[in-house]
Amino acid sequence: MKQDNEYWMKQALIQADKAFQLKEVPVGAIIVKDNKVIGRGYNQKEQLNDPTAHAEIVAITAAANTLEDWRLNDCVLYVTKEPCSMCAGAILNARLKLVVFGCYDEEEGCCGSLYQLCGDPRFKTKVSVMGGVMESQSLSLIKDFFIKSRKKV
C-alpha cells in the first residue's frame, strides 16, 4: 500500500511538534524508502549546541545508519520547511531522489525560493523537489512558535 505525500508530511509534522515542545524552531523531517520510515529528525540546535543539528541532517544521519550506507538512492525526504543551503547540500551529497517540503522559506530556502541548489545543473547530482505540501499546517506551527517565544521576552 503506497502512502501519499500528505500522509508522510503528517509524520514530519509530528517530528516538528517534538521540536516545538523542546523550544526549538519546529521543523521536522522523515526519510522514506520502500514505503517505510528509515530516518526521523527534528531541529535540535539548542538542545545539542550544534549549528548543524537541523531536522534534515538528523534524519539523513538516521537513515544512513539504518541502511548502513550514506547513499540514500530511491529515498524521499519529507520536511516541514524548505531546506537551507547546508541541508540542501547534504541532500545532494546523500543522493536523495526527492524532497517534499511544507512551507517555503523566502529568506533562506535553497530548494526553490532563494536558490535552487537541488536542481542546479552544475552539480552532477540532481534531486527533484516538491514544495507546498501541507504548507499552511507547517507555517502555522512555525508562526505559533515565534509568537509564543516572543511573548516570553
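For clarity, every value in this text was computed on a predicted model and none was experimentally measured.

**Student:** Before we go on, may I ask you to explain the overall build of the chain in this structure?
**Tutor:** Scanning the chain for helices and strands turns up five helices and five strands. Secondary structure of the chain in N-to-C order comes out as α-β-β-α-α-β-α-β-β-α. A globule of 153 residues ought to have a C-alpha radius of gyration of about 15 Å, and the chain, at 14 Å, matches this closely. In terms of its C-alpha atoms, the chain occupies a principal-axis envelope of roughly 45 × 30 × 30 Å. By sequence separation, contacts in the chain at least 24 residues apart represent 58% of the contacts at least 6 residues apart. Working note: accessible area of the chain is about 8300 Å², and carbon and sulfur atoms make up 50% of it. In the chain, 20 positive and 19 negative side-chain charges are present, and the distance between their average locations comes to 2 Å.

**Student:** Explain the packing of helix H3 (residues 55–67) against helix H4 (residues 85–94) to me, please; I cannot follow it from the model alone.
**Tutor:** When two helices pack together, their arrangement is captured by the angle between the axes and the distance separating the axes. Contact pair H3 / H4: the axes reach a minimum separation of 9 Å and the direction vectors enclose 20 degrees. In this view, H3 runs roughly parallel relative to H4, as classed from their interaxial angle. The handedness of the crossing between H3 and H4 is left-handed. Along its contact with H3, which presents Glu-56, Ile-57 and Ile-60, the element H4 presents Met-86, Cys-87, Ala-90, Ile-91 and Ala-94.

**Student:** Mind showing me how you'd approach the packing of aromatic side chains here?
**Tutor:** Here a ring pair, both rings aromatic, is described through the centre-centre distance and the interplanar angle of the planes. Taken as a whole and judged by the stated rule, the model has five aromatic pairs. Aromatic side chains Tyr-7 and Trp-8 sit 4.8 Å apart centroid to centroid with 80 degrees between the ring planes, which places their arrangement in the edge-to-face category. Each ring, one from Trp-8 and one from Tyr-78, has its centre 6.5 Å from the other, and the planes form 35 degrees; the classification is tilted. Placement of the pair is Trp-8 in helix H1 (residues 5–21) and Tyr-78 in strand E3 (residues 76–81), with a sequence separation of 70 residues. The buried category is assigned to Trp-8, whose relative accessible area is 6%. According to the relative accessible area criterion, Tyr-78 is buried, its value standing at 5%. Feature note: the residues Tyr-7, Trp-8 and Tyr-78 constitute an aromatic cluster, connected by ring pairs.

**Student:** Any chance you could explain the sheet that holds strand E5 (residues 128–130) here in plain terms?
**Tutor:** Strand pairing in a sheet is mediated by backbone hydrogen bonds. Such pairs are either parallel or antiparallel. Here five strands make up an open sheet; going across it, the order is E2-E1-E3-E4-E5 and the pairing mixed. Of all strands in the sheet, those with a lone pairing partner are strand E2 (36–42) and E5, marking the two edges. Averaged over all adjacent pairs, the angle separating strand axes in this sheet is 20 degrees, with direction ignored. For E3 and strand E4 (residues 98–103), the ladder comprises five bridges, and the chain directions are parallel. Within E4, the residue paired with Val-76 across the bridge is Leu-98.

**Student:** I tried to follow the pattern of salt bridges on my own but got confused; where do I start?
**Tutor:** Oppositely charged side chains can pair when the atoms bearing their charge come close. Scanning the model with the defined rule gives three salt bridges in all. Where Arg-71 meets Asp-69, a salt bridge forms, and the shortest distance between an N and an O atom there is 3.1 Å. One salt bridge in this structure joins Asp-105 and Lys-81, with 2.8 Å as the shortest N-O distance. Taken together, the residues span a long stretch of sequence, with Asp-105 in the loop between E4 and E5 and Lys-81 in strand E3 at a distance of 24 residues. Accessibility assignment for this pair places Asp-105 and Lys-81 in one class, buried.

**Student:** Please clarify how H4 should be interpreted in this entry.
**Tutor:** Given 3.6 residues per turn, any residue in an α-helix points the same way as the ones three and four places further on. In terms of burial, H4 is largely enclosed, as seven of its 10 residues are buried. For H4, the full list of buried residues reads Cys-87, Ala-88, Gly-89, Ala-90, Ile-91, Leu-92 and Ala-94. Elements that come into contact with the buried residues of H4 comprise H3, E3 and E4. Positive phi shows up at Arg-95, right after H4, with a value of about 65 degrees.

The rules behind each value
- Residues numbered from 1 in each chain as written.
- Predicted model: local features only at pLDDT ≥ 70, side-chain atom pairs only at ≥ 80, totals over all residues.
- Heavy atoms only, no water.
- Helix = DSSP H or I, 4+ residues; strand = E, 2+ residues; numbered from the N terminus.
- Rg over C-alpha atoms; globule rule 2.2 N^0.38 Å.
- Contact = heavy atoms within 4.5 Å.
- Areas by Shrake-Rupley, 256 points an atom, 1.4 Å probe, with all protein chains shown as cover.
- Lys, Arg positive; Asp, Glu negative; His and termini not counted.
- Charge placed at Lys NZ, Arg CZ, Asp CG, Glu CD.
- Axes fitted to C-alpha atoms, helices over the stretch in contact; angles between N-to-C directions.
- Parallel < 35°, antiparallel > 145°, perpendicular 65-115°, else oblique.
- Left-handed = near helix turned anticlockwise from the far one by under 90°.
- Phe/Tyr/Trp six-rings, centres within 6.5 Å; stacked < 30°, edge-to-face > 60°.
- Buried < 20%, exposed > 50% of the residue type's maximum accessible area, 1.4 Å probe, protein only.
- Pairing = 2+ DSSP bridges.
- Salt bridge = Lys/Arg side-chain N within 4 Å of Asp/Glu carboxyl O.

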